[in-house]
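The lines below spell out each chain.
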Amino acid sequence: MADHISVRYLGHACFEFDFNGTKVLTDPFITYNPLAKDINISKLNPDYILLSHAHQDHVADLANIQKQSNATVLAIVETADWVRKQGIPDKNVIEFNFGGTLNLPFGRVKMVYALHTNSTPDGAYGGVPCGFVFFIGEKKIYFAGDTALTLEMKLLEDLNLDWAFLPIGGHYTMDMYDAVKAAKFIHCDNIIGMHYDTFSPVTIDTNEARHVFEEAGLNLNLLALGETKAL
Ligand code: NI
Ligand code: MN
């Protein structure tokens, strides 16, 4: 049976994946995202919420969305500690760490390296930031999280990734030029850009981004807010 995999862009690094009917939300930051005014968070009902790290622009709407959906939250150990302190029940939190792969009802999720920093909104250490690889049926999808270009990405090159979600905004993460190098490191041609245009330091020339990816023979997708794409 063919897999039904799609993704809806909710701004910044927040995506709602649909993996054969299971909804998996990444890095919820909507209410405070000036570009996401048209997204109504009260309508979100994810089964899982994945956090790449605990910076505000990745967790601001976590507590509200978790409460209304009863979603299970996945995060690295120290960020998971902070999640539990937000009134989210222990049974709804899965902590894991680098190299770990969770076997979940919708597929597998592996935690992989990201080169960035991490603190929680209350100023505590949040552990190391991470990315994820989703294994859904035959499809493999890399969600890089906030990261600089790093040689560790080469560890993913033999996976034959179908899609990669890469930050392209610069300033806090890699920029579009390093993201092109990242796509080469991971041997993946189908890229979805994220972490750009949300606030002034990460505002980019999207035409230039399309151009540099095209020049490199890569397929860059910049989704409109609320747009759904089949993967
Ligand atoms: Ni960050
Ligand atoms: Mn960020």
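Enquirer: Got a sec to walk through the side chain of Thr 72? Specific residues and values, please.
Expert: Its location among the elements puts Thr 72 in strand S5 (residues 72-76). In this structure Thr 72 touches Asp 47, Tyr 48, Ile 49, Asn 92 and Ile 94, once residues within four positions along its chain are discounted.

Enquirer: Break down the coordination of the manganese ion (ligand 2) for me, with residues and values.
Expert: Under perfect tetrahedral coordination by four donors, a metal shows angles of 109.5 degrees; under perfect octahedral coordination by six donors, it shows angles of 90 or 180 degrees. Here the manganese ion (ligand 2) is held by Asp 57 (OD), His 58 (NE2), Asp 146 (OD) and His 195 (NE2), and the distances to it run 2.1 to 2.2 Å. The distance between the manganese ion (ligand 2) and the nickel ion (ligand 1) is 3.1 Å, with Asp 146 acting as a donor to both metals. Of this pair, Asp 57 sits in helix H1 (residues 56-59) while Asp 146 sits in the loop between strand S10 (139-143) and strand S11 (163-167), placing them 89 residues apart in sequence.

Enquirer: Run through the coordination of the nickel ion (ligand 1), naming residues and quoting values.
Expert: Around the nickel ion (ligand 1), the protein contributes the donor atoms His 53 (NE2), His 55 (ND1), His 116 (NE2) and Asp 146 (OD), which lie 2.2 to 2.4 Å from the metal centre. Classification of the site at the nickel ion (ligand 1) rests on its four donor atoms, whose angles at the metal span 86 to 177 degrees, yielding the label irregular. Here the donor residues for the nickel ion (ligand 1) map to a single chain with the spacing H-x1-H-x60-H-x29-D.

Enquirer: How would you explain the packing of aromatic side chains if you had to name every residue and give the values?
Expert: Applying the stated criterion to the full structure yields twelve aromatic pairs. Arranged with centres 6.4 Å apart and planes meeting at 80 degrees, the rings of Phe 15 and Phe 143 form a pair that is edge-to-face. Residue Phe 15 is located in strand S2 (residues 15-19), and its partner Phe 143 is located in strand S10; the two are separated by 128 residues in the primary sequence. The exposure class of Phe 15 is buried, given its relative accessible area of 0%. Through pairs of rings, three or more aromatic residues link up here, namely Tyr 9, Phe 15, Phe 17, Phe 19, Tyr 48, Phe 106, Phe 134, Phe 143 and Phe 165. Positioned above the aromatic ring of Phe 135 is the side chain of Arg 108, whose terminal nitrogen or guanidinium carbon lies 4.5 Å from the ring centre.

The rules behind these values
Residues numbered from 1 in each chain as written. Chains lettered and ligands numbered in written order. Predicted model: local features only at pLDDT ≥ 70, side-chain atom pairs only at ≥ 80, totals over all residues. Heavy atoms only, no water. Helix = DSSP H or I, 4+ residues; strand = E, 2+ residues; numbered from the N terminus. Contact = heavy atoms within 4.5 Å. Donors = N, O, S within 2.8 Å, 3.2 Å for Na, K, Ca; no water. Tetrahedral: all angles 85-135°; square planar, octahedral: opposite > 155°, others 65-115°. Phe/Tyr/Trp six-rings, centres within 6.5 Å; stacked < 30°, edge-to-face > 60°. Buried < 20%, exposed > 50% of the residue type's maximum accessible area, 1.4 Å probe, protein only. Lys NZ or Arg CZ within 6 Å of the ring centre and 35° of its normal.

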